[in-house]
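# Architecture and fold: a report
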Amino acid sequence: MLKTVLKLALLVIASAPATLAAKAEASEREQRFFQTVEGAWAGPGEIVAGKYKGTKFVCNFDGGTPSNAIGMALDGSCRVGVFTQPMKASVVRGKSGYTGTFLDGAAGKGLDVTSGKVTGDDVVFALNRSTLSGAMRARITGRDTLHITISVRVEDDMVPVIGMKLKRVDSGAVGAIAKK
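Attention here is on the structure that accompanies the text. Computed from a prediction, not measured in an experiment: that's the story for all the values here. Per-chain numbering applies: the sequence of each chain, read as written, is numbered from 1 onward. With the structure being a predicted model, the display of local features is reserved for residues of pLDDT at least 70 and the display and counting of side-chain atom pairs for 80 or more, all residues being used for whole-chain, interface and lining totals. The side-chain figures draw on all heavy atoms in the structure; neither hydrogens nor water molecules are used.

### Regarding unusual backbone geometry
Glycine aside, negative phi is the norm for most residues, and most peptide bonds take the trans geometry. How we decide: Here a strand is any run of E in DSSP of at least two residues, a helix any run of H or I of at least four, and the numbering for each starts at the N terminus.
One non-glycine residue, Leu103, lies in the positive phi region at around 55 degrees. With respect to the helices, strands and loops of the structure, Leu103 is situated in the loop between strand E5 (97-102) and strand E6 (111-119). For Ser130, which is not glycine, the phi torsion reads 50 degrees and is therefore positive. Along the polypeptide, Ser130 turns up in the loop between strand E7 (122-129) and strand E8 (132-141).

Okay, here's the thing in structure tokens:
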């Protein structure tokens, strides 16, 4: 019995550096993705399902990353005709995963970010508000294009409701430098 316990302890100790290396690699990969979002973005969007289906809008965002955490923030506004609505989202990775808010969070008129995963040039965040659940997918395509899709769960299906295609509008592509 003691031999088995010692072997198990040695196995755990031996695998710890590999686990730490994998976590560090994931952190670096996630940080690189979020750095690509830094800068100014603008572009069209459309509501593709629901009561306001077909409504087109234009958004302007400033993307940034926190200096002391892995994550991102988008702050700006979207305009429909003469009406402008402030838009803001922030997400950080903590010990238990990604958390954050869209607008003022579920306690206000927005949504909470409850989890997330970064894979290459793609991130998916789970969104929640009371009985509503959904996801936001942000995907970097090319050097200066950011696609954002927001979907909601309807029974067993995820239904896209908002789509945006943003282009980098600042002169320096911070993300292009950060990826090298």
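Let us keep going from here.
### So, the sheet that holds strand E9 (residues 145-154)
In any sheet, the strands associate via hydrogen bonds between backbone groups, in a parallel or an antiparallel arrangement. How we decide: DSSP calls a pair of strands paired once it identifies at least 2 bridges connecting them. Angles shown run from 0 to 180 degrees and are taken between the N-to-C directions of axes, each axis being a line fitted to C-alpha atoms and, for helices, limited to the stretch in contact.
If you trace the 10 strands once around the closed barrel, you get E1-E2-E3-E4-E5-E6-E7-E8-E9-E10, paired in antiparallel fashion. Each strand axis lies, on average, 25 degrees off the axis of its neighbour in the sheet, ignoring direction. Looking at chain direction, strand E4 (residues 83-94) and E5 are connected through 6 bridges and run antiparallel. Across the sheet, Val91 pairs through a bridge with Gly100, a residue of E5.

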